[in-house]
Amino acid sequence: IRRAASLDSLQWEEVGDATLGGVTVYALMLVDTRVVAATDAGIFYSDDQADTWTLGSALIADTLADDGTALWAAGAGVFVTSVNDGATWAAAGTTGVTGTPRRVFVASDELWLAVNDGLYRSADQAASWTEVVTGVTPTTPEADYLLVFSDSKDDIYFSEATAGLRVSFDDA
């Protein structure tokens, strides 16, 4: 992981202790002054500008999201939440979700969870889910998903790497 000396500078410095040496970092998030990293060795956090790292969870996730109340992580069949900025993680609710969690996003004050065969949204912090995209048949269980919202949040684009692009013009 590298840190810029300032936003005006293109000078970068390597940061971190041996804790993250040799791991693959899938996602980084800044929560106030804490840095949270989803890696192939678990979810880590740093309170000293990424100089040292502490393991928050050994679960492997490749996306991170922040809804202002909790952090969320998903990937490789894992869907977890943290209410203490990544220090500890617990299983998140998946009532009504079929399929394997792959990616989590936050938009329009809602959680969005891409699973191996579709897309769900929750307006109540994962207490319940509504399926909004069905019938996706990925060619691999590790399929990548992208979710993009227009500035107004009226248009939502969902793509699974091998199943094409879908768009909702009616706020899903």
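Residues numbered from 1 in each chain as written. Predicted model: local features only at pLDDT ≥ 70, side-chain atom pairs only at ≥ 80, totals over all residues. Heavy atoms only, no water.

1. So, the overall build of the protein
- Scanning the protein from N- to C-terminus turns up zero helices and 17 strands.
- Looking at the protein residue by residue over its 172 residues, the buried ones come to 42%.
- When contacts within the protein are restricted to residue pairs at least 6 apart in sequence, those whose partners lie at least 24 apart make up 36%.
- If you sum the accessible surface of the protein, you get close to 8,900 Å²; carbon and sulfur atoms cover 50% of it. (Helix = DSSP H or I, 4+ residues; strand = E, 2+ residues; numbered from the N terminus. Buried < 20%, exposed > 50% of the residue type's maximum accessible area, 1.4 Å probe, protein only. Contact = heavy atoms within 4.5 Å. Areas by Shrake-Rupley, 256 points an atom, 1.4 Å probe, with all protein chains shown as cover.)

2. Here we look at the confidence of the model for the protein
- This prediction gives the protein a mean pLDDT of 79; 69% of its residues lie at or above 70.
- The secondary structure element of the protein with the lowest average pLDDT is strand β17 (residues 164-168), at 52, and the one with the highest is strand β10 (residues 90-91), at 96.
- Across residues 138-143, where pLDDT falls below 50, the model places ten contacts with residues more than four positions away in sequence or in other chains. (pLDDT = per-residue confidence, 0-100.)

3. Here's the deal with the side chain of S57
- Within the secondary structure layout, S57 lies in strand β6 (residues 54-57).
- Given the relative accessible area of 10%, S57 is considered buried.
- Discounting residues that sit within four places of it in the chain, S57 has contacts with G42, I43 and W89.

4. Describing the pattern of salt bridges
- A complete count under the given rule lists three salt bridges for this structure.
- The residue E110 makes a salt bridge to R121 at a minimum N-O spacing of 3.9 Å. On the criterion of sequence distance, the pair formed by E110 in strand β12 (residues 110-115) and R121 in strand β13 (residues 118-122) is long-range, its members being eleven residues apart. (Salt bridge = Lys/Arg side-chain N within 4 Å of Asp/Glu carboxyl O.)

5. Side note on the packing of aromatic side chains
- Under the counting rule described, the total for this entry stands at two aromatic pairs.
- Taken together, a centroid distance of 5.7 Å and an interplanar angle of 20 degrees make the contact between W72 and F79 stacked.
- Residue F79 is classed as buried on the basis of its relative accessible area of 6%.
- Both rings, one in F79 and one in W129, keep their centres 5.8 Å apart while their planes meet at 70 degrees; by these two values the pair is edge-to-face. Residue F79 is found in strand β9 (residues 78-82), and its partner W129 is found in the loop between β13 and β14 (130-133); the two are separated by 50 residues along the sequence. The same class applies to F79 as to W129, namely buried.
- Grouped by ring-pair contacts, the aromatic residues W72, F79 and W129 constitute a single cluster. (Phe/Tyr/Trp six-rings, centres within 6.5 Å; stacked < 30°, edge-to-face > 60°.)

6. Thoughts on the side chain of R103
- Among the secondary structure elements, R103 is positioned in strand β11 (residues 101-107).
- The class for R103 is buried, based on a relative accessible area of 12%.
- A polar contact is formed between the side chain of R103 and the side chain of D62, at a distance of 3.0 Å. (Polar contact = N/O pair within 3.5 Å; in protein donor to acceptor, adjacent residues only side chain to side chain.)

7. Looking at the sheet that holds strand β4 (residues 34-39)
- Taken together, four strands build an open sheet; the order of strands is β3-β4-β5-β6 and the sheet is antiparallel. Taken across any chain shown, the strands that pair with only one partner, and hence form the sheet edges, are β3 (25-31) and β6. For this sheet the average axis-to-axis angle between neighbouring strands, irrespective of direction, equals 25 degrees.
- Bridge count between strand β5 (residues 42-46) and β6: three bridges; the pairing is antiparallel. (Pairing = 2+ DSSP bridges. Axes fitted to C-alpha atoms, helices over the stretch in contact; angles between N-to-C directions.)

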